[in-house]
Amino acid sequence: MTEESEWYNLIENREWMYGDVDYTTANTTLNEDMVYGVQNDGLTLYDIEIGKIPTQIYDYLQGKYVKYQWSENKIVNAKIGLMYLHDYYLAYDNTKNYYSNYDTNSWLHYFNNVGNSFIPEWSMTRNGYSLAGDYPSYYTGYYISWDGSVSGKDRLYAEVFVRPTFYLLSNIKISGKGTIDNPYLINV
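Residues numbered from 1 in each chain as written. Predicted model: local features only at pLDDT ≥ 70, side-chain atom pairs only at ≥ 80, totals over all residues. Heavy atoms only, no water.

Engineer: Any details on the overall build of the chain? Residues and values, ideally.
Structural biologist: Looking only at helices and strands, one finds 3 helices and 13 strands in the chain. Counting every position in the chain, which comprises 188 residues, the buried fraction comes to 40%. Here the contacts in the chain between residues at least 6 apart in sequence split such that 57% fall between residues at least 24 apart. When the accessible surface of the chain is totalled, it reaches about 11400 Å², and 49% of it is carbon and sulfur. (Helix = DSSP H or I, 4+ residues; strand = E, 2+ residues; numbered from the N terminus. Buried < 20%, exposed > 50% of the residue type's maximum accessible area, 1.4 Å probe, protein only. Contact = heavy atoms within 4.5 Å. Areas by Shrake-Rupley, 256 points an atom, 1.4 Å probe, with all protein chains shown as cover.)

Engineer: So what's going on with the nonpolar core? Which residues, and what values?
Structural biologist: Of all hydrophobic cores here, the largest spans 22 residues; its most connected members are Val 21, Val 38, Leu 45, Trp 70, Tyr 88 and Val 150. At the level of elements, strand E1 (14–17), helix H2 (42–49), strand E5 (64–68), helix H3 (85–90) and strand E10 (138–144) are the ones that each hand at least two residues to this core. The element contributing the most residues to this core is H3, with 3 residues. (Core = buried A, V, L, I, M, F, W, Y, C linked by side-chain atoms within 4.5 Å.)

Engineer: Give me the pattern of salt bridges: which residues, what numbers.
Structural biologist: Summed over the entire model, instances satisfying the criterion amount to 4 salt bridges. Between Asp 20 and Arg 126 there is a salt bridge, with the nearest N and O atoms lying 2.6 Å from each other. Placement of the pair is Asp 20 in the loop between E1 and strand E2 (27–30) and Arg 126 in strand E9 (residues 121–130), with a sequence separation of 106 residues. Its relative accessible area of 28% is what places Arg 126 among the partly exposed residues. Close ionic contact of Asp 33 with Lys 67 constitutes a salt bridge, the shortest N to O distance being 3.7 Å. Linking Asp 33 in strand E3 (residues 33–36) with Lys 67 in strand E5, this pair joins segments that are 34 residues apart in sequence. Accessibility expressed as a relative area gives 44% for Lys 67, which makes it partly exposed. (Salt bridge = Lys/Arg side-chain N within 4 Å of Asp/Glu carboxyl O.)

Engineer: Give a description of the environment of Ala 26 that names residues and reports values.
Structural biologist: Within the secondary structure, Ala 26 sits in the loop between E1 and E2. The contact partners of Ala 26, leaving out residues within four places of it in the chain, are Val 35, Tyr 36, Gly 37, Gln 39 and Asn 40.

Engineer: Break down the environment of Asp 22 for me, citing the residues and quoting the values.
Structural biologist: Along the chain, the position of Asp 22 falls in the loop between E1 and E2. On the basis of relative accessibility, which here comes to 3%, the residue Asp 22 falls in the buried class. Separated by 14 residues in the primary sequence, Asp 22 and Tyr 36 place their C-alpha atoms 7.4 Å from one another. The contacts of Asp 22, once residues within four sequence positions are left out, are Gly 37, Val 38, Thr 55, Gln 56, Tyr 65 and Tyr 142.

Any link to function would need more than the numbers given here.
Here you go:
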């Protein structure tokens, strides 16, 4: 996609906020503050991923969990990013927790089968620092597995698919009903 091409001008320039979300809990109290984790519904996860409510992360320098909140200090301005976990959760509905309750029949789920391997797909959301027991510790990210589940236990250098994600400008004209027989069409 080259600058000033037809597609380039249809895609919104976006501030992609990034950060970590705890995987150990739905919610818990940490130093008398309520913090939330990935084991929630899409609306709660959205609030974490836009910096509205806090989560917790393991601070390896302090050797303990600390309160953490996504912030505007961690933003990349770009036209294309990756899917957030809340995008994946909210593609189904507002109330289910797709960390452990998932559906491979959704239009959003992509079954990545390469040879005899099932390759997961990265999300924009990081899991944070992982204590690996006897192994060297490392940072991990969340991915959507071949079976639709969400996991946050893989090293950031693992071979995982990515799906470029972008947002179209709001003034674009779309026709169609979004079905297989009558898909959405962008009128350019």
